[in-house]
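# A look at the structure
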Amino acid sequence: MLELFEKLGVSLTPPKIVIVYGEAMVGKSTLAIMLADRLGQRLQKKTVVIYTEPIWDDPEYQSFIVNVTKAKFEIVKLADWRHFNSLVAGFRDRVIVLDSLSALVTDIMSRFTAMGWDIRAITPRVNQIVVALVHFMRMIINNSRTIGIIVAHASSLVGVSRHRGVFEDRPAVPRRILHEVDYELMLEVGDDHKSRVLTVVANRINPFAEGTSVVFTFKDGDIEVIQSGQLKIRVV
């Protein structure tokens, strides 16, 4: 599996932070946890999933992820965004998966609106909070020489403009956090509705690899490549 990412031009030598984004139920969490587990084995580190997605409270979902990934990991709930920094710092010796940044934003927004704040007034404030949290995570990842994988939702740009001039979706998170990450990967459902397409949207280390994609399926706790080396065509 790790060789796949290397072929995509994604170097996973620590310290690195990767964002995996896409539509709901496309397999973002599955891919992120499988990747974290394999990296943990290589680096001789344990994996922790810090979650804000409510679905993780469902034992049936937890069992599904364990069965499909065949991974070993600890799950920890971030019940309050104000504990984010201490929680991340406490797991500095692990490969860290944050699932998801988008749900974290939603949680922060809901807490402010519950106190009567106007959503138009709190949006800039929440954006700054999220940027600060990811910046802190970046510092922990760098100082601990480990890997961070952030899961994010997709936001449609159809009819507006294409993300980086090519893609019709972008991560549904404040754009400024992209300054804190090394790779931005988009996961989509394949044409046959069974396979998945993973595309390198942004690559800080090797920008010439941007646009490269691979078609694969999840299989027996791993991934099986169907087709690799595709390039997205820039529409001008």
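What you are looking at is a predicted structure, and each value in this text was computed from that prediction instead of being measured. (Residues numbered from 1 in each chain as written. Predicted model: local features only at pLDDT ≥ 70, side-chain atom pairs only at ≥ 80, totals over all residues. Heavy atoms only, no water.)

### Here's the deal with the environment of serine 144
Inspection of the secondary structure assignment puts serine 144 in helix α6 (residues 119-144). Taking the C-alpha atoms as reference points, serine 144 and phenylalanine 73, separated by 71 residues in sequence, lie 19 Å from one another. Look past the residues within four positions of serine 144 in its chain and what remains in contact with it is Lys45 and Arg92. (Helix = DSSP H or I, 4+ residues; strand = E, 2+ residues; numbered from the N terminus. Contact = heavy atoms within 4.5 Å.)

### Focus: the layout of surface pockets
Here the largest pocket defines a volume of roughly 470 Å³. Along the wall of the largest pocket there are 21 residues; nearest its centre are Ala24, Met25, Val26, Ser29 and Tyr61. Contributing elements (two or more residues each) for the lining of the largest pocket: α2 (28-43), α3 (59-69) and β5 (147-156). Of the residues that constitute the lining of the largest pocket, the class distribution is 12 nonpolar, 5 polar and 4 charged. (1 Å grid on protein atoms, 1.4 Å probe; cavity = no way out; pocket = protein on both sides within 12 Å on 5 of 7 lines; lining within 4 Å. Points joined across faces, edges and corners; volume = space filled by probe spheres on them. Nonpolar A, V, L, I, M, F, W, Y, C, P; charged D, E, K, R; others polar.)

### Quick word on the packing of aromatic side chains
In the structure shown here, the tally under the stated rule is 6 aromatic pairs. Among the aromatic side chains, those forming a connected cluster through ring pairs are Tyr51, Trp56, Tyr61, Phe64 and Phe73. (Phe/Tyr/Trp six-rings, centres within 6.5 Å; stacked < 30°, edge-to-face > 60°.)

### Topic: the packing of helix α5 (residues 101-114) against α6
Running from amino to carboxyl end, α5 crosses α6 at an angle of 135°, the nearest separation of the two axes being 10 Å. Taken as axis vectors, α5 and α6 run oblique relative to one another. Of the two possible hands of crossing, α5 and α6 adopt the one that is right-handed. Of α6, the residues touching α5 (which contributes Leu101, Leu104, Val105, Ile108, Met109, Phe112 and Thr113) are Ile119, Ile122, Thr123, Arg125, Val126, Ile129, Val130, Leu133 and Val134. When grouped by side-chain class, the residues that make up the contact of α5 with α6 number 13 nonpolar, 2 polar and 1 charged. (Axes fitted to C-alpha atoms, helices over the stretch in contact; angles between N-to-C directions. Parallel < 35°, antiparallel > 145°, perpendicular 65-115°, else oblique. Left-handed = near helix turned anticlockwise from the far one by under 90°.)

### Quick notes on α2
Given a rise of 1.5 Å per residue, 16 residues ought to cover 22 Å, and the 22 Å separating the end C-alpha atoms of α2 matches this to within 8%. By the criterion of burial, α2 is predominantly enclosed, with 13 of the 16 residues buried. Of the residues flanking the end of α2, it is glutamine 44, one or two places downstream, whose phi is positive at about 60°. (Expected span 1.5 Å × (residues − 1). Buried < 20%, exposed > 50% of the residue type's maximum accessible area, 1.4 Å probe, protein only.)

### Overview of the nonpolar core
When a protein is soluble and globular, its nonpolar side chains tend to lie buried together. With 41 residues, the main nonpolar core has Ile50, Leu101 and Ile108 as its most contacted residues. Elements supplying a minimum of two residues to this core: β1 (16-22), β2 (47-51), α4 (84-90), β4 (95-99), α5, α6 and β5. Counting residues per element, this core draws most heavily on α6, at 10 residues. Not counting the four nearest positions on each side in its chain, leucine 101 is found in contact with Val130, Val134, Ile150, Val151, Val173 and Ile177. One finds Phe5, Ile33, Tyr51 and Tyr183 within the second-largest nonpolar core, a separate group that totals 37 residues. (Core = buried A, V, L, I, M, F, W, Y, C linked by side-chain atoms within 4.5 Å.)

### Things to note about the side chain of serine 144
Judged by its relative accessible area of 15%, serine 144 falls in the buried class. A polar side-chain atom of serine 144 sits 3.3 Å from the main-chain carbonyl oxygen of arginine 92. (Polar contact = N/O pair within 3.5 Å; in protein donor to acceptor, adjacent residues only side chain to side chain.)

### Quick word on α3
What α3 keeps buried is the set Tyr61, Ile65 and Thr69. Around the axis of α3, the buried residues are gathered within 50° of arc, so they sit on the same side. Of the exposed residues in α3, those oriented more than 90 degrees away from the buried face are Pro59, Glu60 and Asn67. Each element contacted by the buried residues of α3 is listed here: α2. For α3, the N-terminal cap is aspartate 58; the gap from its side-chain oxygen to the backbone nitrogen of glutamate 60 is 2.9 Å. Lysine 70 occupies a position one or two residues after α3 and carries a positive phi of about 55°. (Arc of directions from axis to C-beta.)

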